[in-house]
Amino acid sequence: MTTAMPSSRRLELEIPAEHRLANLSPARLYEEALARGEAVLAAEGPLLATTGPHTGRSPNDRFVVRGGETEALIDWGAVNKPIEPEAFDRLFGLAADFVRENPVYVFEGYAGADLENRIKVRVVTQRAWHNLFARNMFLREDDPAKLEGFEPDFTVIDIPTLEADPERDGTRTSTFVLLDLDRSTALIGGTEYAGEIKKSVFAVMNFLLPQAGVLSMHCSANYGATSDDVALFFGLSGTGKTTLSADPDRTLIGDDEHGWGDGGVFNVEGGCYAKTIRLDPEAEPAIFSTTRRFGTVLENVVCDPETRVLDLDDDSLTENTRSSYPITHLDNVDLGGVAGHPKTVVFLTCDAFGVLPPLSRLDEAQAMYHFLSGYTAKVAGTERGVTEPTATFSACFGAPFMPLPATRYAEMLGERVRQHDAKVFLVNTGWTGGPYGVGQRISLPATRRLVSAALSGELESAEFVVDPVFGLAVPRAVEGVDPALLDPRSTWQDATAYDAQAAKLAQMFRDNFEAFSASASDEIRAAAPKG
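Bear in mind the structure is a predicted one, so any value in this text is a computation, not a measurement.

Visitor: Looking at this model, I keep getting lost on the overall build of the protein. Mind explaining?
Guide: In terms of helices and strands, the protein carries 14 helices and 30 strands. Compactness check: the protein gives a C-alpha radius of gyration of 23 Å against a globular reference of 24 Å for 531 residues, within 12% of the reference. For the protein, the spread of C-alpha atoms along the principal axes amounts to about 70 × 55 × 45 Å. Residues classed as buried in the protein amount to 59% of the 531 residues present. When contacts within the protein are restricted to residue pairs at least 6 apart in sequence, long-range pairs at least 24 apart make up 73% of them. Surface accessibility of the protein: about 20,600 Å² in total, with carbon and sulfur atoms responsible for 49%. Distance between charge centres in the protein, computed from 48 positive and 77 negative side chains, equals 1 Å.

Here it is in structure tokens:
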């Protein structure tokens, strides 16, 4: 195994045999969750749970333990905030006390479909439905006999009712997500949101894989007629990463986390974690069907209290309603999770300012600039206090999960794109004709047509023009797409208003990139918007 934890100082959590409910089947986990009142059974089979006040990740409550041989490697700062080992030890001791007195659920499996770059993962959870979530999201062992004597490379301990004392423990609140890379353990408490489990393991892989010469990526991936026709889709939540990779004409490798090594691309996970708010059965039939399946875990989705029929349009609990399901719930999937080298790389952004083209081709310097920028935008109503479009820049389209400096991942991507002559495109799935609240969202069929043209090579013979503000190469025409859509300025009734909005976003890009200016090449800095 080329991927390995940095040391053998793995913490041991002693679980009494009578409290250890290990590797239960989905049916058993359903029974446990229902009997304990953790969840309800929704119509047609999914398990439905709510997560209380934490309906998403708590990035401000995430800390990395300082000290040991990993300290010099971590990109310390607002994302990777340090916490002292003594604080971790105190909370680990409370977790150990909890499992000595209470039953816990244990999942044992893997992260990484590539046998040379996988780690063995143990997830210990207070909640049965959290364990089913882990079973969905990670790679499962088909032969139970192979789990005998299982020794994990990394352990996640997830106890929602365990809370920190900020004054004593140095945390921000009673909620905590602690990552100890030297002792191969993550500790989660004070939150019911199951996504913290998934992203803690992803952060571990983002730490380990680059050190083994493998690029770790927050992206979905699929392939066309052959497994050598691979496309990657980078993007933050809400940009269409899961939706666009679930293409009936292409085979899905995975929807969120991948590695790119010498042999090609591989899935890190064994399941999918899709947003379900206002899911359209006609536009997204594959993902919609999973919300009607046994084994699926739905988070914060509202259902009728009597009939238990789901209402996927109801956002009264949160806009961030979620569905966790094993990848086997989808039909057009490569269950091996391994494919060749990408031919196409797509950066997805949801531009709520309404000024970016729906599709543009990037040269090498622009690709690195936009990868380091990782731009998308939040819209009014998605978070408390957001009343107008708000720019979000997340380096490598996944900064909250990246323990190493962003330039490390960017350099690796650039090397691979260059080596394999991959074409890079920026696709805007956001607004046209004006900003959010004035214009309209670019239709999913139009985006699918543009992505299809990019992946098929159809655009190789297209004529391109350069956007004067962002410097992006935009096709003049794509069959099946209204040509007016390709020029965002022409879709606005007030061209002067467009110019002002475009200049505003261009300045946001330049301001954000100041953090990378010293380490970026002249060519990459020159790829900044000009407006």
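Picking up where we left off.
Visitor: What is the right way to read the packing of helix α8 (residues 364–373) against helix α13 (residues 495–513) from this model?
Guide: Two numbers describe a pair of packed helices, the interaxial angle and the distance between the axes. Two elements in contact, α8 and α13, have axes separated by 10 Å at closest approach and are oriented at 80 degrees. As far as their axial angle goes, α13 and α8 are roughly perpendicular. Across from Tyr369, His370, Leu372 and Ser373 in α8, the residues of α13 making contact are Phe509, Arg510, Asn512 and Phe513. Class assignment for the residues of the contact of α8 with α13 results in 4 nonpolar, 3 polar and 1 charged.

Visitor: Can you help me understand the sheet that holds strand β3 (residues 47–49) in this one?
Guide: Strand pairing in a sheet relies on backbone hydrogen bonds. The paired strands run either parallel or antiparallel. The strand order across the open sheet built from 5 strands is β2-β3-β17-β20-β16, with neighbouring strands paired in mixed fashion. Looking along the sheet, the strands with just one partner apiece sit at the ends: β2 (40–41) and β16 (271–275). In the sheet, strand β17 (residues 297–299) pairs with strand β20 (residues 322–326) via 3 bridges, with the strands oriented antiparallel. Its bridge partner being in β20, valine 297 is matched across the sheet by serine 324.

Visitor: So what exactly am I meant to see when it comes to the packing of aromatic side chains here?
Guide: Think of a pair of aromatic rings as described by two things: how far the centres are apart, and how the planes are tilted against each other in angle. All chains considered together, the criterion is met by 22 aromatic pairs. Ring plane angle 80 degrees and centroid distance 5.6 Å describe the contact between tryptophan 492 and tyrosine 498, whose orientation is recorded as edge-to-face. The rings of Tyr369, Tyr375, Phe393, Phe470, Phe509, Phe513 and Phe516 are connected pair by pair, giving a single aromatic cluster. Of note, lysine 81 hangs over the ring of phenylalanine 63, and the distance from its end group to the ring centre comes to 5.3 Å.

Visitor: Help me understand the packing of α8 against helix α9 (residues 406–419) in this model?
Guide: With their axes 10 Å apart at the nearest point, α8 and α9 run at an angle of 150 degrees to one another. The orientation of α8 relative to α9 falls into the category roughly antiparallel. Here α8 runs over α9; the crossing is right-handed. Two secondary-structure elements touch here, α8 through Glu364, Met368, Phe371 and Leu372 and α9 through Ala406, Thr407, Tyr409, Ala410, Leu413, Gly414 and Arg418. In terms of residue class, the contact of α8 with α9 is made up of 7 nonpolar, 2 polar and 2 charged.

Visitor: Would you mind showing me how to read the nonpolar core here?
Guide: Side chains of a nonpolar character, in soluble globular proteins, are inclined to be buried together. Among the nonpolar cores identified, the biggest contains 104 residues, and Leu232, Phe234, Phe347, Phe371, Leu413 and Phe470 are the most heavily contacted of them. Counting residues per element, this core draws most heavily on helix α5 (residues 195–208), at 7 residues. When near neighbours in sequence (up to four residues on either side) are disregarded, leucine 232 contacts Met217, Cys219, Ser220, Ala221, Trp260, Val265, Pro342, Thr344, Val345 and Val346. Grouped together as the second largest cluster of nonpolar side chains are 24 residues, Leu13, Phe63, Val99 and Val124 included.

Visitor: Just checking my understanding: could you explain α13 for this structure?
Guide: Count 3.6 residues to each turn of an α-helix, and residues three or four apart come out pointing the same way. The terminal C-alpha atoms of α13, which comprises 19 residues, lie 27 Å apart, in line with the 27 Å expected from a rise of 1.5 Å per residue. Among the residues of α13, those classed as buried are Tyr498, Gln501, Ala502, Leu505, Ala506, Phe509 and Phe513. Viewed end-on, α13 has its buried residues packed into an arc of 135 degrees, placing them on one side of the element. A distance of 3.0 Å separates the backbone nitrogen of threonine 496 from a side-chain oxygen at the start of α13, and that oxygen is part of aspartate 494.

Visitor: For this particular structure, what's the right way to read the sheet that holds strand β6 (residues 104–111)?
Guide: Taken together, 8 strands build an open sheet; the order of strands is β1-β6-β7-β8-β10-β9-β4-β5 and the sheet is mixed. The open sheet has two edge strands, β1 (20–22) and β5 (81–83), and neither has a second partner. Shown here is a sheet whose adjacent strand axes are inclined to one another by a mean of 25 degrees, direction ignored. In this sheet, β5 lies alongside strand β4 (residues 62–65) in parallel orientation, the contact comprising 3 bridges. Pairing of valine 65 across the sheet is with isoleucine 83, part of β5. Running over the sheet, helix α3 (residues 128–137) touches β6, β7 (119–125) and β8 (154–159) and is turned about 10 degrees from β6.

Criteria and thresholds
Residues numbered from 1 in each chain as written. Predicted model: local features only at pLDDT ≥ 70, side-chain atom pairs only at ≥ 80, totals over all residues. Heavy atoms only, no water. Helix = DSSP H or I, 4+ residues; strand = E, 2+ residues; numbered from the N terminus. Rg over C-alpha atoms; globule rule 2.2 N^0.38 Å. Buried < 20%, exposed > 50% of the residue type's maximum accessible area, 1.4 Å probe, protein only. Contact = heavy atoms within 4.5 Å. Areas by Shrake-Rupley, 256 points an atom, 1.4 Å probe, with all protein chains shown as cover. Lys, Arg positive; Asp, Glu negative; His and termini not counted. Charge placed at Lys NZ, Arg CZ, Asp CG, Glu CD. Axes fitted to C-alpha atoms, helices over the stretch in contact; angles between N-to-C directions. Parallel < 35°, antiparallel > 145°, perpendicular 65-115°, else oblique. Nonpolar A, V, L, I, M, F, W, Y, C, P; charged D, E, K, R; others polar. Pairing = 2+ DSSP bridges. Phe/Tyr/Trp six-rings, centres within 6.5 Å; stacked < 30°, edge-to-face > 60°. Lys NZ or Arg CZ within 6 Å of the ring centre and 35° of its normal. Left-handed = near helix turned anticlockwise from the far one by under 90°. Core = buried A, V, L, I, M, F, W, Y, C linked by side-chain atoms within 4.5 Å. Expected span 1.5 Å × (residues − 1). Arc of directions from axis to C-beta. Polar contact = N/O pair within 3.5 Å; in protein donor to acceptor, adjacent residues only side chain to side chain.

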